[in-house]
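Architecture and fold: a report
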Amino acid sequence: MVNLDRYNLLSRAVRIANSASLSYPARLKSLAQTVEQTLPISSCAIYSLDDDQHALFLLAASGGAGRPTTESVPLGEGVVGRCASLKSVVHDLDTSFHPAGTLQNNDHHIALPILSSGRLYGVMTLGMRDCAISPSEIMTMMEDVPVVVAGVMQGFRMAAGSARRVRNLSILSELGQMLNKSAPPRSLIPLILSASHAYAGACCTLLRLNGKGGIPGGVYRKYRSRFRPVLRTLLDIELDCSARAQASGVPILTRDLVSEEDIPLSYICVPLAFESRIMGSLTFFGKQEPSGPRQNLDEEDRELFESMAMLISNALTGAANYQQMLTLSVENDKKLKELSSLYRISNTMLSTIRLNKLIHLILTALTVGDNPFFDRAMLFLINKRSGVMQGMLGVTRETSTGLHKSATDLGDLLTSRWDITEEDIARQLDADFSRQVRSIRLELNKTKNISTRAVLDKRLVFVPDVDMEKRVDRDFVRRFGITSFASAPLIAREEVVGVMVIDNGISNRPISQEDLGFLQLFTNQAGMAIENSILYNRIEDANRSLREAQERLIQGERLATIGEMAAGIAHELKGPLVSIGGFARRLERKLPEKSAEWEHADTIVREVLRLEKMLTEILSFTKKTTICYSCCGITDIIEDALAVVVLAFEENHIRVVKHYPRKQISLMADCKQIEQVFLNLFFNAHEAMKEGGELTITVSPARLAGKRAVAVKVADTGGGIPLEVLNNIFNPFYTTKETGTGLGLPISNRLIINHGGKIQIENRPGEGAIFSVLLPLNV
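To start, this report covers the structure provided alongside it. Just so it is clear, the model here is predicted, and its values are computed rather than measured.

Description of the packing of helix H2 (residues 24-38) against helix H5 (residues 145-179)
One can describe the packing of H2 onto H5 by two numbers: an axis separation of 9 Å at closest approach and a directional angle of 165°. Classified by the angle between their axes, H2 and H5 sit roughly antiparallel to one another. In this structure, H2 meets H5 at a crossing whose hand is left-handed. The segment H2 lies against H5, with Tyr24, Pro25, Arg27, Leu28, Leu31 and Val35 engaging Val145, Val149, Val152, Met153, Gly155, Phe156 and Ala159.

Comments concerning the state of the cysteines
Note on terminology: disulfide describes a covalent bond linking the sulfur atoms of two cysteines. This model, assessed by the stated rule, comprises one disulfide. The partner cysteine of Cys632 in its disulfide is Cys671, sulfur to sulfur 1.9 Å. On the sign convention where negative is left-handed, the bridge of Cys632 and Cys671, at about -90° about the S-S bond, is left-handed. Placement of Cys632 in strand E21 (residues 630-633) and of Cys671 in helix H18 (residues 671-688) is noted, with a sequence separation of 39 residues between them. Looking at the unpaired Cys203, the closest cysteine sulfur is the one in Cys204, lying at 8.4 Å. Here Cys203 falls in the buried class, since its relative accessible area comes to 0%.

Thoughts on the packing of aromatic side chains
Under the criterion given, the structure shown has nine aromatic pairs. Judged by centre distance (5.5 Å) and plane angle (45°), the ring pair of Tyr267 and Phe285 falls under tilted. Of this pair, Tyr267 sits in strand E10 (residues 267-274) while Phe285 is found in strand E11 (residues 277-288), placing the two residues 18 residues apart along the sequence. Judged by relative accessible area, Tyr267 falls into the buried class, the value being 5%. With a centroid separation of 5.5 Å and 75° between ring planes, the pair formed by Phe433 and Phe480 is classed as edge-to-face. Separated by 47 residues along the polypeptide, Phe433 in helix H12 (residues 432-438) and Phe480 in helix H14 (residues 474-480) bring together distant segments of the chain. The exposure class assigned to Phe433 is buried, which follows from its relative accessible area of 12%.

Quick notes on the environment of Val477
As for its position among the elements, Val477 is in helix H14. For Val477, a relative accessible area of 7% corresponds to the buried category. When near neighbours in sequence (up to four residues on either side) are disregarded, Val477 contacts Val466 and Ile482.

Structural notes on the sheet that holds strand E22 (residues 654-659)
Strand order in the open sheet formed by five strands is E22-E24-E25-E27-E26, and the pairing between neighbours is mixed. In this open sheet, the two strands that pair with only one neighbour each are E22 and strand E26 (758-764). Going across the sheet, the axis of each strand differs from the next one's by a mean of 20°, ignoring polarity. Relative to strand E27 (residues 768-776), E26 runs antiparallel, the two being bridged by seven bridges. When the bridges of E27 are listed, Asn763 appears paired with Ala769.

Thoughts on the sheet that holds strand E17 (residues 441-443)
Working definition: the strands of a sheet are paired by backbone hydrogen bonds and lie parallel or antiparallel to each other. Strand order in the open sheet made by the six strands is E17-E14-E13-E20-E19-E18, with antiparallel pairing throughout. For this open sheet the edge positions go to E17 and strand E18 (461-463), each flanked by a neighbour on one side alone. Pairwise comparison of adjacent strand axes, ignoring direction, gives a mean angle of 25° for this sheet. Examined bridge by bridge, strand E13 (residues 376-383) and strand E20 (residues 495-503) share six bridges and lie antiparallel to one another. The residue bridging Met378 from the neighbouring strand is Val501, located in E20.

Concerning the environment of Ile747
Inspection of the secondary structure assignment puts Ile747 in helix H20 (residues 744-754). Counting along the chain gives 17 residues from Ile747 to Phe730, while the straight-line C-alpha distance between them is 8.5 Å.

Brief notes about a positive patch on the surface
On the surface, Arg585, Arg586, Arg589 and Lys590 cluster together into a patch of positive charge. Mapped onto the elements of the fold, Arg589 is located in helix H15 (residues 513-590).

Concerning helix H3 (residues 78-86)
Within H3, the full set of buried residues consists of Gly78, Val79, Val80, Gly81, Cys83 and Ala84. Positive backbone phi, approximately 55°, marks Lys87, located one or two places after H3.

Some points on H2
Spanning 15 residues, H2 covers 21 Å between terminal C-alpha atoms, matching the ideal 21 Å at 1.5 Å per step. Regarding H2, the residues found buried are Arg27, Leu28, Ser30, Leu31, Ala32, Thr34, Val35 and Glu36.

Details of the nonpolar core
Of all hydrophobic cores here, the largest spans 39 residues; its most connected members are Ile634, Ile638, Phe678, Phe682 and Leu695. Breaking this core down by element, the ones donating at least two residues are helix H17 (634-651), strand E23 (666-669), H18, strand E24 (693-704), strand E25 (707-715), H20 and E27. Ile638 has contacts with Tyr660, Phe678, Phe682, Ile697, Val699 and Val712, leaving out every residue within four places of it along the chain. In this structure, Leu209, Phe274, Ile312 and Ala319 belong to the second largest nonpolar core, which totals 31 residues.

Some words on the pairing of strand E2 (residues 55-61)
Within E2, five of the seven residues are buried, which leaves it mostly tucked inside the rest of the structure. Alignment of strand E1 (residues 43-49) against E2, held across five bridges, turns out to be antiparallel. Bridged to Leu49 within E2 is Leu56. Counting the residues between successive antiparallel strands, the hairpin from E1 to E2 contains five residues, one of them, Gln53, with a positive phi of roughly 60°. Examined bridge by bridge, E2 and strand E3 (residues 72-74) share three bridges and lie antiparallel to one another. Paired with Phe57 across the strands is Ser72, a residue of E3.

The rules behind the values
- Residues numbered from 1 in each chain as written.
- Predicted model: local features only at pLDDT ≥ 70, side-chain atom pairs only at ≥ 80, totals over all residues.
- Heavy atoms only, no water.
- Axes fitted to C-alpha atoms, helices over the stretch in contact; angles between N-to-C directions.
- Helix = DSSP H or I, 4+ residues; strand = E, 2+ residues; numbered from the N terminus.
- Parallel < 35°, antiparallel > 145°, perpendicular 65-115°, else oblique.
- Left-handed = near helix turned anticlockwise from the far one by under 90°.
- Contact = heavy atoms within 4.5 Å.
- Disulfide = S-S within 2.5 Å.
- Buried < 20%, exposed > 50% of the residue type's maximum accessible area, 1.4 Å probe, protein only.
- Phe/Tyr/Trp six-rings, centres within 6.5 Å; stacked < 30°, edge-to-face > 60°.
- Pairing = 2+ DSSP bridges.
- Patch = residues over 30% accessible without salt bridge, like charges linked within 9 Å, V, L, I, M, F, W, Y side chains within 5 Å.
- Areas by Shrake-Rupley, 256 points an atom, 1.4 Å probe, with all protein chains shown as cover.
- Salt bridge = Lys/Arg side-chain N within 4 Å of Asp/Glu carboxyl O.
- Lys, Arg positive; Asp, Glu negative; His and termini not counted.
- Charge placed at Lys NZ, Arg CZ, Asp CG, Glu CD.
- Expected span 1.5 Å × (residues − 1).
- Core = buried A, V, L, I, M, F, W, Y, C linked by side-chain atoms within 4.5 Å.

Spelled out as structure tokens, the structure:
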């Protein structure tokens, strides 16, 4: 009976745990109610261990267990705390349950640890008042339930973590949008303080500004009313941590504060910096969820606050710049032009993840227009292994064609962006200036090439007069007629990936400090855009590798199953088929030709041959083939395969058109296996063109994985492959023919893959299909 109840309880628990229609809190509540209803107990409660592993709090309870409370149970105190501390079952009475006393009085309780793979997630308590069975029987029936609960709690935590990350991203997005406005600092600071305090959910928020760079100094505070009595203490703590954070430039996280006063448990102080210039700090004390106890701040909070500080730093800098533009009308137009251009360039660079296109957009944006920022821009990529900077692209105001505006609202400065066509990209690459840049290699040597400082120091380097600077590459400046230039590093993931070299070699206009400031902002945006592109391509590569591994795994499992089946078929059918075929052929020879009996025997012989052929194909597909390499002429292989099917093609009125290169292309391969591949393709084309048609065979040189290869295209006019069939043509035993085995193309595909090649399909519904076979030459 106990085992039956145990099974029923476990099965119900598993169903609840896997119920997608219930939220995680609802599942835990339902599990507690199910335990109480299934077992002869008075209550059931589920406690969760907090992130700091210092205390537990009530997460869910059955109807008889009282209502959840925000009070925590310290580890080691009461039956719940002791169970969590010992990680073992604990029995106790209600009087020592825990200080909050959330369960019914006069209960005898059993506390069970919620463990999974040795990790403690919480504690389950069972009220044993008026229980009709012994605690040992209860524990037997509950043996597997905590594991199920642990799974739900793990999912709960993962979902909560995901929700938290989404919330943090939403906070950053909303804060960025809120701060993305033109306003003087005195108007922006109260908005920053209120928004930061609200988004952080802090008990107290202190904003300290140093009063430099046109930003008013002072300490601005926002706090909950209950912390007014300890504000002086919090200000003293903030003064010390702000000085340390600004000096180091690194955020400070301090947890588990100990004080006689009722202060928050922890604080995070993040420096406010823009372009290595410290402007102050932002300190958050404690956090408290709307329906929960005060909690320690953690590393995820530190990352969020650091990102908020970056947005606030940018916003404060923008506000100071805006204030300067209001007071300095002479510089207003130029600053506005630079700011609007940066916004548009940023949106432009973020509009594509193609690295090649992104590089063209970056250099073109610097040199395009009637009044470009610079006359010429060159990009060099860093090759640390060889110790050189390799030229990749060069664009001038003469080769930089007009950027095309996107179809977005062109009046909206923040959403409009530029674009560049593939024709413009090709034209820039083919320009003489770009070809010269690609032929340049600059040595990564500080003493010989001053641009190396931009790489090693990760900062912009300006050379106002090359004649006065000894550490320049004389051949480089003489070749391009450079008299003054600037080198700016492109930084992605804190690594310099390239250097932009700009000058005004066409107009000879001097490079001003304002130009250099714009270039610095521009390269910051460009570095982030390049980093996004690199990360996206890495993710794409990882996803592609994962899909390929999954396909290989599925194919491997399928082949293993087919191998077992084929071995059984061979064992069972080979003997009977030999006997049947032998006796049928003997009868056929003895019976009068064309008689009814002879025709029956002939049918048996033909069917036996068909079955033997099918069995041979199955065994050929499942067994591991050995490749006997020899030097083969690709056209000779094709001609040998055509000789087998030529009569069948003539009967169906199929015309063969050949396009061979003048010189024979030879490769190292198993000639017979490659001939089998083309035979399968030709037979499939024959089946597709029963009413006649044209088969075109084209042979040409190709590249495969960077190596020399040969490509053979077999195109038919059989109407193409139905879309519902296209994705299954390489699956074993999938066939649309009445007499086919569905192994022709899978065998061909495997043979080509074993040779290091691949088969590609170009389907043209209503016209035909083109099968392209690519094989490495290996010679």
